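Given next are the chains, with one letter for each unit.
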Amino acid sequence: MATTGSYFILFFLVLATTGSTSSVVGEIATVLSIDGGGIKGIIPATVLSFLESQLQELDNNEDARLADYFDVIAGTSTGGILTTMISAPNEKGRPFSAAKDIVSFYFEHGPKIFPQGVWPPILGPKYDGKYLHKVLEDKLGETRLHQTLTNVVIPTFDMKKFQPIIFTKSEIANSPHLDAKMSDICYGTAAAPTYFPPYYFENDDGKGNQHEFNLIDGGVVAVNPALIAVSTVTKSVDPSVASIKPLDVKQVLLLSLGTGTTADFAGTYTAKEADNWGLVSWLFHNNSNPLIEMSSEASVIMNDYYIATIYRALGAETNYLRIEENALTGTTTQMDNATEANMNLLVQVGENLLKKPVSKENPETNEEALKKFAKLLSERKKRRANKADS
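Not measured: the values here are computed from a predicted model.

Draft legend 1. Inspection of the overall build of the protein at higher detail. The number of helices and strands found in the protein is 12 helices and 8 strands. By residue count, 52% of the 390 residues in the protein fall in the buried class. Considering only contacts within the protein whose residues lie at least 6 apart along the sequence, 75% involve residues at least 24 apart. As displayed, the protein offers around 18000 Å² of accessible surface, 56% of which is attributable to carbon and sulfur atoms.

Rendered as structure tokens:
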């Protein structure tokens, strides 16, 4: 029912947008979206490293960073951490991390965030999350949402309010209590049920009022946050995209990065196999979590479907690039396998993904498509700079 309802909402949005007047020529909004997926965040991190290197080469600037080119960067769970790493400021007012350094972050901290040999408990989360929270606090300090160098979108779910909480810079003026520390936001979006405990914190709204948050993983809202990110464009704090109408995707360049699926090898589970499964088997089966995996994958697929439908309906297919590995096997399918061997495999998956075709319909490789995308980002940035100087 939820899927059917979402489709009808999408249908009416497309109709409304189709009749809209085009935005001012040259006003193109750029959006980056990064899926959730635990340690599999190494895959989009590898892709982002390639993209940033292309931007540096095009603009002859070794200090060029992704946050310089995207109006909106969205991320769920591990994607939220990636989003923060490339958009939160360091002491020099530049992005906290270059894209090329993110993979090493996973290698350094992944084994302690997801310690191996932990027996999955029945009555508690698999990991206590203390190390993850400490790393986030140490790295991000007192940095708050309003300080990010571009508009970020990080979904979470508040289990007490029983509703999504979307942390986005553009909403702070209307909802100042959302201006939380980035370390709190990152841990909240990564607090996946059964893996980490839910996260409670309080935040002042600047008027002396305390607001409480009881957060779990943003994947409950959207493992793939691209649709949320696109809807945020018209609320962007950047006035240069203010005239873009809701979901006018002809004026929105969207790059959406997945963390890998097993879609090309359907048949992982069967009804016969699961016929006698109870709660424990649905949550812990062969060192995996079938219930969360299936729910997450359905969310990812449907978000991609909705977005692709909108872009096709408006004749803007070339503005949307989705990069996803659909042939994960073995240990690479696991969100919490942070052994050095598996992380090396994930790096290889990311590098191989660049050489694969964009889709069955588009034989162009992801690497070739990213080079074109980088060129569009570079040209758009230069046009804005020239406009600002004139």
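Draft legend 2. Structural view of the pattern of salt bridges. Per the stated rule, a full pass over the model turns up 16 salt bridges. Note that Arg 380 is salt-bridged to Asp 71, the shortest N-O span being 2.9 Å. With Arg 380 in helix H12 (residues 366-389) and Asp 71 in the loop between helix H2 (42-58) and strand S2 (72-75), this pair connects stretches of sequence that are 309 residues apart. Where Lys 356 meets Glu 325, a salt bridge forms, and the shortest distance between an N and an O atom there is 2.9 Å. Placement of the pair is Lys 356 in the loop between helix H11 (340-355) and H12 and Glu 325 in the loop between strand S8 (320-323) and H11, with a sequence separation of 31 residues. Within the structure, one salt-bridge network assembled from shared partners comprises Asp 63, Arg 65, Asp 68 and Arg 94.

Draft legend 3. Looking closely at the packing of aromatic side chains. All told, the structure shown has 11 aromatic pairs when counted by the stated rule. Ring centres 4.8 Å apart and planes at 15° place the aromatic pair Phe 201 and Phe 213 in the stacked group. On the criterion of sequence distance, the pair formed by Phe 201 in strand S5 (residues 199-204) and Phe 213 in strand S6 (residues 210-216) is long-range, its members being 12 residues apart. In this pair, the class of Phe 201 matches that of Phe 213, namely buried. Counting every residue linked through ring pairs, the aromatic cluster contains Phe 114, Tyr 127, Phe 167, Tyr 187, Phe 196, Tyr 199, Phe 201 and Phe 213.

Draft legend 4. Spatial organisation of empty space enclosed by the protein. Under the definition given, this model contains 2 cavities of 30 Å³ or more. Quantified by volume, the largest cavity comes out at close to 60 Å³. Together, Ile 81, Thr 84, Met 85, Phe 96, Phe 105, Leu 136, Lys 139 and Leu 140 line the largest cavity. Contributing elements (two or more residues each) for the lining of the largest cavity: helix H3 (78-87) and helix H5 (130-140).

Draft legend 5. Looking closely at helix H6 (residues 182-190). Here H6 lies mainly inside the structure; 9 of its 9 residues are buried. All of the buried residues in H6 are Met 182, Ser 183, Asp 184, Ile 185, Cys 186, Tyr 187, Gly 188, Thr 189 and Ala 190.

Draft legend 6. Examining the environment of Met 343 more closely. Mapped onto the elements, Met 343 comes out in helix H11. Residue class for Met 343 comes out buried when judged on its relative accessible area of 1%.

Draft legend 7. Structural view of the nonpolar core. Among the nonpolar cores identified, the biggest contains 73 residues, and Leu 32, Leu 51, Phe 70, Phe 167, Leu 255 and Leu 370 are the most heavily contacted of them. Here the element with the most residues in this core is H2; it accounts for 8 residues. In this view, Phe 167 contacts Leu 145, Val 152, Val 153, Ile 154, Thr 156, Leu 178, Ala 180, Ile 185, Phe 201, Phe 213 and Leu 215; residues no more than four positions away in its chain are not counted. Within the second largest apolar cluster, 21 residues are counted, among which are Ala 74, Ala 226, Val 249 and Leu 254.

Draft legend 8. Local environment of unusual backbone geometry. Its identity is not glycine, yet Asn 60 carries a phi of approximately 50°, on the positive side. With respect to the helices, strands and loops of the structure, Asn 60 is situated in the loop between H2 and S2. For Ser 77, which is not glycine, the phi dihedral falls at a positive 55°. Here Ser 77 falls in the buried class, since its relative accessible area comes to 8%.

Rules used throughout
Each chain has its residues counted from 1, running along the sequence as written. A pLDDT threshold of at least 70 governs which residues receive local features in this predicted model, and a stricter bar of 80 or more applies before side-chain atom pairs are shown or counted, although totals over entire chains, interfaces and linings include all residues. Side-chain measures were taken over the full set of non-hydrogen atoms in the model, leaving aside hydrogen atoms and water. Helix numbering and strand numbering both begin at the N terminus, where a helix is a DSSP run of H or I of at least 4 residues and a strand a DSSP run of E of at least 2. Any residue under 20% of the maximum accessible area for its type is buried, any over 50% is exposed, and the rest in between are partly exposed; the area is computed with a 1.4 Å probe on protein chains only. Any two residues whose heavy atoms approach within 4.5 Å at even a single point are treated as in contact. Under the convention used here, a 1.4 Å probe and the Shrake-Rupley method define accessible areas, while residue burial counts only the protein chains that appear. Any Lys or Arg side-chain nitrogen located within 4 Å of an Asp or Glu carboxyl oxygen qualifies as a salt bridge. Within 6.5 Å between ring centres, the rings of Phe, Tyr and Trp (the latter by its six-membered ring) count as paired, and their orientation is classed by plane angle as stacked under 30 degrees, edge-to-face over 60, tilted in between. Of the two site types, the cavity is a set of points on a 1 Å grid over the protein atoms alone where a 1.4 Å probe fits but cannot get out, and the pocket is an open set with protein on both sides within 12 Å along at least five of seven lines, each lined by residues with an atom within 4 Å of a point. Grid points are joined across faces, edges and corners, and a volume is the space filled by probe spheres set on the points. Grouping buried Ala, Val, Leu, Ile, Met, Phe, Trp, Tyr and Cys residues that are joined through side-chain atoms within 4.5 Å yields what is termed a nonpolar core.

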